[in-house]
Amino acid sequence: MLYFIVLYFLLIILFSLIKFKEIKSPTLNLFKSMFPSWKFFDESNDTPVLLYREADDWKICFSPPKLRWWHFFYNPAGNFYLAYHSHLQQVLGELTVASVEEATHFQDNLSYKMLEHFVRSKSPQSDFQFKISSIKKAPNGFAIIEDILISPKLKVEIV
Amino acid sequence: MTSELALKVIEIMINCSIIVQSIEYLSLKKHFSEKGIWRWSEIKQEHPVLPIFSFLLSENNFIYFLVARIVSALGLIFFFPHSFILILFLFFTSLLISLRFRGSFNGGSDYMALIILSALCIAAFFKTPRVQMGVLWYISLQVCTSYFIAGMVKIKQRKWRSAEALSKHMTSSNYNPPRWSQNIFSKKIWAMCAAWGVIVFEICFPIILTQHNPSVLYWLLAGFLFHLTNVLFFGLNRFLIVWCATYPALYFITNNFSYSP
């Protein structure tokens, strides 16, 4: 039995050394929870953030919530924030593999529309614009390193 | 500990996790409404299979769906332990929640919850000691694999080996770790110790399968503290309870299995 377990983990090492071609399938992506990857914190580069502006100044759309003791058990805001992050990763992944044609019409993509919904959930009071950028901390808040995607100016929803 | 008891503890823990997660979703209901972020009318167009589930996943029905999950989880804890039908229901509804959020809402914890629920389904259907043993082995191997792969991915990256990646995660604006931890990990020596501590812990975790009490308890305690720090630094609370729900399987397997012939 011990040999089987050792063999199992040796096979994992072997497979982790092989670079497999990424399978692009909407069905597989939808059922990805059935195929766990376990690659936690594998991205060591700057993770971009969603910024938006109504006037001149860009603001960070979502900041990580301050941790309270009960968040160890119950943390809806924290999990919403993590889901927002996963969404940004998904958008960036889709942008990376998009063909020229797909990139040109990226605003029709659901992930892009959801970015807009994320910004609208902040209830902007006037016309607004959003972008995904890499940022770094700066004494007066943050400094933009690189813009990755910028939206056109969008109309505020009249309720 | 008997296999029956190990499965019972796992079942209670995963049901507690399901109850908390469902309440968390309910408190985020404005975000999955038709004026929110995850609008079912848009999401269901992504794949031809999705509209089939509209009667469960559309705005208002999804709220009843979450309430049904809470009731089922409570039922499993208090009235109908090991009920195959209820566990199967929780498995399928967990899968449907993943579909509702375009693959997953919380990544790893969603994956592990599905693994545990699928294993519990099999144990509840067959109810023989041999199957129970198999199910506990399956959960144990999955949790060891999760740590091992996470460690492998990190050790392959130069930025993780030099602790640059950990420092970046700790000081980035994406997370909100306590100020004291940011100060500690801004010092190279501490960041290096922590980064290699994480890598070694994750890669060596499968060694637990060759251990017995009391060292198994130390491994599990280390795992618990590891997830506790992940909540503290990165807010990953769902991982804490879901991963700890697998520990009774490890405890049972390591103390009831001998490799000697």
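One can find the structure itself at the top, above this paragraph.
Bear in mind that the values here come from a model prediction, so they are computed numbers and not experimental data.

S.K.: Outline the overall build of chain A, listing residues and values.
M.R.: Of the regular secondary structure elements, chain A holds five helices and four strands. Counted from the first residue to the last, chain A has its helices and strands arranged as α-α-β-β-α-α-α-β-β. The C-alpha radius of gyration of chain A comes to 20 Å, more than 25% above the 15 Å expected for a compact globule of 159 residues. In terms of overall dimensions, chain A has a C-alpha envelope of 65 × 50 × 35 Å along the principal axes. Expressed as a percentage of the 159 residues in chain A, the buried residues total 37%. The long-range fraction of contacts in chain A, counting pairs at least 24 apart against all pairs at least 6 apart in sequence, stands at 59%. Total accessible area computed for chain A in this model is approximately 9800 Å², and 60% of it derives from carbon and sulfur atoms. Separation of charge centres in chain A, based on 17 positive and 16 negative side chains, amounts to 6 Å.

S.K.: Which residues make up the pattern of salt bridges, and what are the values?
M.R.: Scanning the model with the defined rule gives eight salt bridges over all chains in all. Between Glu94(A) and Arg102(B) there is a salt bridge, and its shortest N-O distance comes to 3.9 Å. Placement of the pair is Glu94(A) in helix α3 (residues 76–97) and Arg102(B) in the loop between α5 (84–100) and α6 (108–126), with the two residues belonging to separate chains. Residue Arg102(B) pairs with Glu46(B) through a salt bridge whose shortest N-O separation is 2.9 Å. Remark: Glu46(B) occurs in the loop between α2 (40–43) and α3 (54–57) and Arg102(B) occurs in the loop between α5 and α6; sequence separation between them is 56 residues. With relative accessibility at 4%, the residue Arg102(B) sits in the buried group.

S.K.: Please set out the interface of chain B and chain A residue by residue, giving values where relevant.
M.R.: Each side of the interface is counted separately: chain B has 72 residues, and chain A has 59 residues. Here chain B packs against chain A, burying approximately 5900 Å² in sum over the two surfaces, 67% of which is carbon and sulfur. When residues of chain B are sorted by the area they lose upon contact with chain A, Ile37(B), Arg102(B) and Asn174(B) head the list and together hold 13% of the total. Taken together, the connections running from chain B to chain A amount to one salt bridge. Our count for the chain B to chain A interface comes out at 10 residue pairs in polar contact (both at pLDDT 80 or more). Among the elements that take part in the side of chain B that touches chain A, helix α7 (residues 129–155) of chain B stands out by supplying 12 residues, more than any other.

S.K.: Explain helix α9 (residues 164–171) of chain B residue by residue, including any values.
M.R.: All names here are of chain B. Those residues of α9 that sit buried are Ala 165, Leu 166, His 169 and Met 170. Along the axis of α9, the buried residues cluster in a sector spanning 130°; they form a single face. If you follow the buried residues of α9, they end up packed against α8 (158–161), α10 (179–185), α11 (188–204) and α12 (215–234).

S.K.: So what's going on with the environment of Ala143(A)? Which residues, and what values?
M.R.: Residue and element names in this part refer to chain A. Positionally, Ala 143 belongs in strand β4 (residues 141–150). Look at Ala 143 and you get partly exposed, because its relative accessible area is 25%. Residues Ala 143 and Glu 116, spaced 27 residues apart in sequence, show a C-alpha to C-alpha distance of 22 Å. Residue contacts for Ala 143: discarding those within four places in its chain leaves Ser 134, Ile 135, Lys 136 and Ala 138.

S.K.: Can you lay out the sheet that holds β4(A) for me, pointing to particular residues and giving the numbers?
M.R.: Residue and element names in this part refer to chain A. Reading across from one edge, β2-β1-β3-β4 is the order of the four strands in this open sheet, with antiparallel pairing throughout. At either end of the open sheet lies a strand with only one pairing partner, and these are β2 (59–60) and β4. Strand direction decides the pairing type here: strand β1 (residues 49–53) and strand β3 (residues 129–138), joined by five bridges, are antiparallel. Its bridge partner lying in β3, Leu 50 is registered against Ile 132. Across the sheet, helix α5 (residues 110–120) is in contact with β1, β3 and β4; its angle to β3 comes to roughly 70°.

Rules behind the numbers
- The residue count restarts for each chain, going from 1 along the sequence in the order it is written.
- The naming scheme follows written order: chains are lettered A onward, ligands numbered 1 onward.
- Residue-level local features of this predicted model are given only where pLDDT is at least 70; pairs of side-chain atoms are given and counted only at 80 or more, and the full residue set underlies all totals for whole chains, interfaces and linings.
- Only hydrogens and water are set aside when side-chain values are computed; all heavy atoms of the structure are taken into account.
- Comment: elements are numbered from the N terminus, with helices defined as DSSP H or I runs of at least four residues and strands as E runs of at least two.
- Radius of gyration: C-alpha atoms only; globule rule: 2.2 Å multiplied by the number of residues to the exponent 0.38.
- Only protein chains enter the accessibility calculation, which uses a 1.4 Å probe; a residue whose area is less than 20% of its type maximum is buried, one above 50% is exposed, and one in between is partly exposed.
- Should any heavy atoms of two residues lie within 4.5 Å, those residues are counted as being in contact.
- All accessible areas in this document rest on Shrake-Rupley with a 1.4 Å probe, and a residue is counted as covered only by the protein chains that are shown.
- Charged residues are defined narrowly, with Lys and Arg counted positive, Asp and Glu counted negative, and His plus the chain ends left uncounted.
- Note on charges: their place is set at NZ of Lys, CZ of Arg, CG of Asp or CD of Glu.
- Salt-bridge detection follows one rule: a side-chain nitrogen of Lys or Arg within 4 Å of a carboxyl oxygen of Asp or Glu.
- Once two parts are put together, the accessible area they lose, assessed with a 1.4 Å probe and summed over both, is termed the buried area.
- Any pair of N or O atoms that falls within 3.5 Å is considered a polar contact. Within protein, one atom must be able to donate a hydrogen and the other to accept it, and sequence-neighbouring residues count only if both atoms are side-chain atoms.
- Note that the arc is defined by the directions from the helix axis to the C-beta atoms.
- Should DSSP find at least two bridges between two strands, the strands are regarded as paired.
- Simply put, an axis is a line fit to the C-alpha atoms, just over the touching stretch for a helix, and the angle between two N-to-C directions goes from 0 to 180 degrees.

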